[in-house]
Amino acid sequence: CNMLLMWLLRVVLCATILTSVVRSNHDHEVDDHTDSDIDNTDIRRPNIILIVMDDLGFNEVPWHDHTDIKLPFLDEFVRSNALIVDTFYAMPLCSMTRSALLTGRYPFRYGLQLSVIENGYPFGLSIFEPIMPMDFKNAGYNTYMIGKWHLGFHRHDMTPHRRGFDEFRGSLSPMLHYFTYEYRVDNSPGYNGRDLWINDREVRARDTDGVYLTDWEKDQFLNLMDDIMTDDPQNEVPFFMYIAMHAPHEPREATPECLALYANVSCVDRSFEVLQNCENHQIEQAQMSCGDMALREMITHLRSIDEGRVWDNTLLVWLSDNGAPVWDGDNAPLRGGKKQMFEGGVRTPAFFSGGFLNEERYGQIMDSTKPFHVTDIYPTLLSAAGVAHSTSSVFDGIDLWNAVQHGLQLTEEDDADVGEVEDEVDRAEPADIQLRGNRLMKYVSDDNMVSI
C-alpha cells in the first residue's frame, strides 16, 4: 500500500511539473505574439523630462492659430517635432494639478481639492501619498527637480529632497518676484521672505546679479545637464527630471527684451468688466516669450549633447497646470479660466516630444475625441519607461502610452479602467459626454445635447 501511494505521488508530481512547463511555454508564445502586434523596439529605459508651465492659457500657444503671442521656437518645434495633445485636462489651480500630476490620483483623495497651498499654511501633500520620482528612483533612475514645488513645506518631510528627488533647484512657495526671488504671505506687506534654493543653499538676488527667474531656471537646467554628463558621459544611468517653470504666473514682471516684443501690440482694455487689463496681458505674454527663449536654449542644448544620443533616448512632456487668469490671460474660445471648472480653467496646451517618441507621431494631433487627464501622465510615463509602480496606491489615471507612441485607440475596457471612482458614483441616465469641436457636450435626450 505504501509503495502504491509513493508511486501515485510521483505520477502526480511529474504531471504537475509537465503542466507547468507547458503553460510556461504557452505563456511565452502568447507574450511573443502580443509583442509582435506592435513593433515594440522601445527596449531602452528613456530619460524622462516633464516640463510644466504656470497659468498658460489654451489660446496662448501659436499652434492654436488664434493668438498674437510670440513664441517662435515653440511654434516651429511643436509643429515639426512633437505630438500635440489638444484635449489635455488639468485641475483649475496650481496645487491641485501638481498633486494630481505627481500622484496619478484625484486631489479629493488627499484633501487638496479646494484651494492652493499658500505660504504659512500648516498642510501639504500627504507624505503617505507616493509620488512619481519615487518609482523612478526605485527603478535606478537619478531624479532631479527644477522650479516651483508648491505642495507644502511647513515640515521638512514634505519637501522635494524627502519626496524622491536627488537634487532640487527652485522654490517651495506659490510664486516669487522674478528679479528679487521674494515672496509674500497671504498678500501681507509685513511678512515677506526669500525662497530660492539649490538643494539646502539659499540663492539671493545679489548672488546672481538679479538674473530673471525664468533665465535662472534655464541656467540650472544647462548646468545640471552638464553635471549629469560629466558624471555619466555615456548616459548609462537614465534620469527623471521635473521642471516646473514659474512663467507666466504672476507677478507681472518681464525683461526689457521680452517686453519690447509687445510694445506695438493692440489690445482692447476690458478692465471695466473685470475681464482683461491690456497692460498686464502684454506683460503676461512677454513673460511667456521669455519662457520660449529659455526653452529654445534648453532643448537645443539637450539635442546637441553627445551628438544627439541623449536626446534620442529622451521622452519630453510639456503642459500647463491650469488655464490663464481671465483678467489678463487668454483661454479663447473656451469659457472661463483659472480657478474655474469651465473648460477655460482646466483645458490646457500640452505635447509629447523627444527622440524616444515615435517619429511618425511628429506633427500629429492626438485623438481629439478622447480627453487626456493630468492623472494619466504618471502611469503613462511608467509604461513608457518600463518601470513598475512600487507601492499599493491605486491610480485614478490610466496608461495611455500605446495611444501616445503608436496611435492606438482606447477600448471600452481602457475607458472604464479609471480606478474606483466610477463605481462609487450613481450617474443619471442618459449621461453620455462627448467632445464636439471645442466643447464638452452632455447627452440629455435623442435630439438634445447641452454644453458643460
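Residues numbered from 1 in each chain as written. Predicted model: local features only at pLDDT ≥ 70, side-chain atom pairs only at ≥ 80, totals over all residues. Heavy atoms only, no water.

### Side note on the side chain of Ser171
And step 1. Along the chain, Ser171 falls in strand β5 (residues 167-171).
And step 2. Residue Ser171 is classed as buried on the basis of its relative accessible area, which comes to 0%.
And step 3. Beyond its immediate chain neighbours, meaning those up to four positions away, Ser171 contacts Gly147, Lys148, Trp149, Leu176, Asp195, Leu196 and His246. (Helix = DSSP H or I, 4+ residues; strand = E, 2+ residues; numbered from the N terminus. Buried < 20%, exposed > 50% of the residue type's maximum accessible area, 1.4 Å probe, protein only. Contact = heavy atoms within 4.5 Å.)

### Overview of the state of the cysteines
And step 1. Under the counting rule described, the total for this entry stands at 1 disulfide.
And step 2. Between the sulfur of Cys258 and that of Cys290 lies a disulfide, 2.2 Å long from S to S. Residues Cys258 and Cys290 are joined through a disulfide that is right-handed, its torsion about the S-S bond being 130°. Of this pair, Cys258 sits in helix α7 (residues 256-260) while Cys290 sits in helix α8 (residues 278-304); the two residues are 32 residues apart in sequence, bridging distant segments of the chain. (Disulfide = S-S within 2.5 Å.)

### Quick notes on the packing of aromatic side chains
And step 1. Applying the stated criterion across every chain yields a total of 19 aromatic pairs.
And step 2. Geometrically, the ring pair formed by Phe77 and Trp311 is edge-to-face, given 6.2 Å between the ring centres and 65° between the ring planes. Of this pair, Phe77 sits in helix α2 (residues 72-81) while Trp311 sits in helix α9 (residues 309-312); the two residues are 234 residues apart in sequence, bridging distant segments of the chain. For the pair shown, Phe77 and Trp311 are each scored as buried.
And step 3. We note Arg303 situated over the ring of Trp311; from NZ or CZ to the ring centre the distance is 5.3 Å. (Phe/Tyr/Trp six-rings, centres within 6.5 Å; stacked < 30°, edge-to-face > 60°. Lys NZ or Arg CZ within 6 Å of the ring centre and 35° of its normal.)

### Here we look at empty space enclosed by the protein
And step 1. Overall, the coordinates contain 1 cavity of 30 Å³ or more when judged by the stated rule.
And step 2. Volume-wise, the largest cavity comes out at about 30 Å³.
And step 3. Every residue lining the largest cavity is listed: Ile49, Ile51, Phe221, Ile243, Met298, Ile299, Leu302 and Leu316.
And step 4. Contributing elements (two or more residues each) for the lining of the largest cavity: β1 (47-53) and α8.
And step 5. Broken down by element, the lining of the largest cavity gets its largest block of residues, 3 residues, from α8.
And step 6. For the lining of the largest cavity, the per-class residue count stands at 8 nonpolar, no polar and no charged. (1 Å grid on protein atoms, 1.4 Å probe; cavity = no way out; pocket = protein on both sides within 12 Å on 5 of 7 lines; lining within 4 Å. Points joined across faces, edges and corners; volume = space filled by probe spheres on them. Nonpolar A, V, L, I, M, F, W, Y, C, P; charged D, E, K, R; others polar.)

### Points about the confidence of the model for the protein chain
And step 1. On average, residues of the protein chain carry a pLDDT of 84, and 77% of them reach 70 or more.
And step 2. A low-confidence stretch, residues 1-42 stays under pLDDT 50, and its non-local contacts, those more than four residues away or across chains, total 9 contacts.
And step 3. In the model, residues 418-434 has pLDDT below 50 throughout and makes 28 contacts with residues more than four positions away in sequence or in other chains. (pLDDT = per-residue confidence, 0-100.)

### As for the sheet that holds strand β4 (residues 142-148)
And step 1. Ordered by their spatial adjacency, 9 strands build an open sheet running β2-β13-β11-β1-β10-β4-β5-β8-β9, and the pairing between neighbours is mixed. Either end of the sheet is taken by a strand with one partner, and the two such strands are β2 (82-84) and β9 (201-202).
And step 2. Looking at chain direction, strand β8 (residues 197-198) and β9 are connected through 2 bridges and run antiparallel. Paired with Trp197 across the bridge in β9 is Glu202.
And step 3. On top of the sheet, α2 reaches β2, β11 (314-320) and β13 (350-353); it is set at about 60° to β13, its chief contact.
And step 4. Relative to the sheet, helix α11 (residues 377-385) contacts β1, β11 and β13, its axis offset from that of β11 by approximately 170°. (Pairing = 2+ DSSP bridges. Axes fitted to C-alpha atoms, helices over the stretch in contact; angles between N-to-C directions.)

### Things to note about α8
And step 1. For α8, built from 27 residues, the straight-helix expectation of 39 Å at 1.5 Å per residue is met to within 8% by its first-to-last C-alpha distance of 39 Å.
And step 2. For α8, the tally of buried residues reaches 19 of 27 residues, placing the bulk of the element in the interior.
And step 3. The opening residue of α8 is Asn277, an N-cap whose side-chain oxygen sits 3.2 Å from the backbone nitrogen of Glu279.
And step 4. Looking one or two places after α8, you find Asp306, whose phi comes out positive at around 50°. (Expected span 1.5 Å × (residues − 1). Polar contact = N/O pair within 3.5 Å; in protein donor to acceptor, adjacent residues only side chain to side chain.)

### With respect to the nonpolar core
And step 1. The biggest cluster of nonpolar side chains holds 57 residues, and the ones touching the most others in it are Leu74, Phe221, Met241 and Trp318.
And step 2. The greatest single-element share of this core, amounting to 10 residues, is contributed by α8.
And step 3. When sequence neighbours within four positions are dropped, the list of residues in contact with Met241 reads Ile48, Ile49, Leu50, Tyr144, Ile146, Phe221, Leu224, Met225 and Ile228.
And step 4. Counting 56 residues, the second largest nonpolar core, distinct from the first, contains Ile48, Tyr110, Ile117 and Leu151. (Core = buried A, V, L, I, M, F, W, Y, C linked by side-chain atoms within 4.5 Å.)

### What about the sheet that holds strand β3 (residues 88-89)?
And step 1. Taken in spatial order, the 3 strands line up as β12-β3-β14 in an open sheet, and their pairing is mixed. Each having just a single partner strand, β12 (347-348) and β14 (372-373) make up the two edges of the open sheet.
And step 2. Pairing of β3 with β14, which is carried by 2 bridges, proceeds in the parallel orientation. From the neighbouring strand, Tyr89 faces β14, where its bridge partner is His373.

### Here's the deal with the pattern of salt bridges
And step 1. Scanning the entire structure with this criterion turns up 20 salt bridges.
And step 2. We note a salt bridge from Asp328 to Arg252, for which the minimum N-O separation is 2.8 Å. One end of the pair, Asp328, is in the loop between β11 and α10 (343-346); the other, Arg252, is in the loop between β10 (239-244) and α7, with 76 residues separating them in the sequence. The same class applies to Asp328 as to Arg252, namely buried.
And step 3. For Arg309, the salt bridge is made with Asp306, and the minimal N-O distance between the two is 2.9 Å.
And step 4. Looking at Arg309, the relative accessible area reads 48%, which means it is partly exposed.
And step 5. Ionic contacts of the salt-bridge type, sharing partners, join the residues Asp54, Arg98, Lys148 and Asp321 into one network. (Salt bridge = Lys/Arg side-chain N within 4 Å of Asp/Glu carboxyl O.)

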